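What the coordinates show
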Amino acid sequence: MPTLVMKFGGTSVGSVERLEAVADRVVRAREAGNGVIVVVSAMGDTTDELLAMASQITDLPDPRELDMLLTAGERISMSLLGIALNARGCRAASYTGSQAGIITDTRHGAAKITEIRPKRIVEALDAGTVVILAGFQGLSSDYEITTLGRGGSDLTAVAMAGAVGADVCEIYTDVDGVFTADPRIVTGAHKVDTIGYDEMLELAAAGAKVLQTRSVEMARRHGVKIHVRSAFHDDDGTWVRERSDAMEGVLISGIALEAEEAKVTIDDVPDRPGVAARVFKAIAAEGVNVDMIVQNVSHEDTTDLSFTAPRADLQRLRSALESLTAEIGAERFTIDDDIAKLSLVGAGMKSHPGVAADMFDALATESINIEMISTSPIRVSCVIRRADGDRALRVVHQRFGLDTPLG
């Protein structure tokens, strides 16, 4: 019997009525002869509401207790869905991350999955039971409840799909699939039918909110096919899987805009071996992911070091830099939280000169200044002013002909 993993996001389960619509869809999948695993997020804005309550008490909640609080949202969703399915005569059982055998490391707030022990889940599937999993959570090697970070329900779904050998992992959202750009900003954006793991990974890392970056990494590692589709109709969405294009050429998959990052600059850093390592080890110890890094040419044995990081991590980052700047003998650090990162993603860029030049020229026509540049074989990213972000997204999307649907 084929196994299907179905993941529903917060909007899809945002009310009892929507949960019941999900239950109807799950029943149809089960009646079609599939073994079904359903992964659910917290209802609507529950996670944000729980975070807001914690922040009313303190700016820095205890990480262990915060994880205990936040995992409550998914437990509510899974239980209500279980009630709805059983009421329809479809045998179902819900499981928390720990009950499902999702083992993580000990980091609270953004734990990494180290192992999945799916014995209980497989036994339930073999008995014909629909399995419902609380997304976003697991059990650490210290037997503590942990959360997997923003978008962690995607990771739960893909990881479990890989562990049980599911045929496909369906990610149901409030959009129709993966688009060439955010359709709320670019009216000419269109849905992509198929996209490779590498391109999807770059788009997710660049700010596309459809899939969590770590879930795409997990899918690529285990060869899990992902189908991103709407929770509100049955049309096909976007397939994320291994792909090989027969013809050489630049295939632009999409453009992403990330407006939730900040640029950090450390001035007059001593230009000697080991200093950069000390800086980024200290930042890593705070659990902050750094993206673009630029070091200027040395002048009088000092240099300036700039990098981007999520705005959500600024409080932890600021406290680390205050002590670090003095320790390494740098002059000062500044934080600019009024930036955006624009990224163009597509296969074949490395072997086709002129892609970056065309992107920069399109920005120049709108008098949009570029502050930092980063590239990979399938991505070009620019840091610009946040106020220019939407305009930049539209003009680059148009320059590369993405306003015309691909045939």
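Analysis parameters
- Residues numbered from 1 in each chain as written.
- Predicted model: local features only at pLDDT ≥ 70, side-chain atom pairs only at ≥ 80, totals over all residues.
- Heavy atoms only, no water.
- Helix = DSSP H or I, 4+ residues; strand = E, 2+ residues; numbered from the N terminus.
- Rg over C-alpha atoms; globule rule 2.2 N^0.38 Å.
- Buried < 20%, exposed > 50% of the residue type's maximum accessible area, 1.4 Å probe, protein only.
- Contact = heavy atoms within 4.5 Å.
- Areas by Shrake-Rupley, 256 points an atom, 1.4 Å probe, with all protein chains shown as cover.
- Lys, Arg positive; Asp, Glu negative; His and termini not counted.
- Charge placed at Lys NZ, Arg CZ, Asp CG, Glu CD.
- Pairing = 2+ DSSP bridges.
- Axes fitted to C-alpha atoms, helices over the stretch in contact; angles between N-to-C directions.
- Phe/Tyr/Trp six-rings, centres within 6.5 Å; stacked < 30°, edge-to-face > 60°.

Attention now goes to the overall build of the protein chain. Along its length, the protein chain carries 11 helices and 20 strands. A compact globule built from 407 residues would reach a C-alpha radius of gyration of about 22 Å, and the protein chain, at 23 Å, matches this within 12%. Counting only C-alpha atoms, the protein chain reaches 75 × 50 × 35 Å along its principal axes. Per-residue burial for the protein chain yields a buried fraction of 50% across its 407 residues. In the protein chain, the share of contacts with a sequence separation of at least 24, taken over all contacts with a separation of at least 6, comes to 74%. Per element, the accessible surface of the protein chain, about 18600 Å² overall, is 49% carbon and sulfur. On the protein chain, the mean spot of the 41 positive side-chain charges and the mean spot of the 60 negative ones are 4 Å from each other.

This part is about the environment of valine 210. Along the chain, valine 210 turns up in the loop between helix H6 (197-206) and helix H7 (213-222). Separated by 20 residues in sequence, valine 210 and serine 230 have C-alpha atoms that sit 11 Å apart. Leave out the neighbours within four places in its chain, and valine 210 touches Asp154, Gly177, Val178 and Val228.

A few words on the sheet that holds strand E10 (residues 194-195). Within the open sheet, the eight strands sit side by side as E3-E6-E2-E1-E9-E11-E12-E10. Their pairing is mixed. Looking along the sheet, the strands with just one partner apiece sit at the ends: strand E3 (92-95) and E10. In terms of strand pairing, strand E1 (residues 3-8) meets strand E9 (residues 168-173) through five bridges, oriented parallel. Across the sheet, the residue bridging to lysine 7 is isoleucine 171, located in E9. With respect to the sheet, helix H1 (residues 16-31) is in contact with E1, strand E2 (35-40), strand E6 (130-134), E9 and strand E11 (226-230), its orientation differing from that of E1 by roughly 170 degrees.

Once that is clear, we can look at the packing of aromatic side chains. Scanning the entire structure with this criterion turns up two aromatic pairs. Seen from their ring centres, phenylalanine 8 and tyrosine 172 are 4.6 Å apart, and the 10 degrees between their planes marks the pair as stacked. One end of the pair, phenylalanine 8, is in strand E1; the other, tyrosine 172, is in strand E9, and 164 residues separate them in sequence. Considered together, phenylalanine 8 and tyrosine 172 belong to a single accessibility category, that of buried residues.

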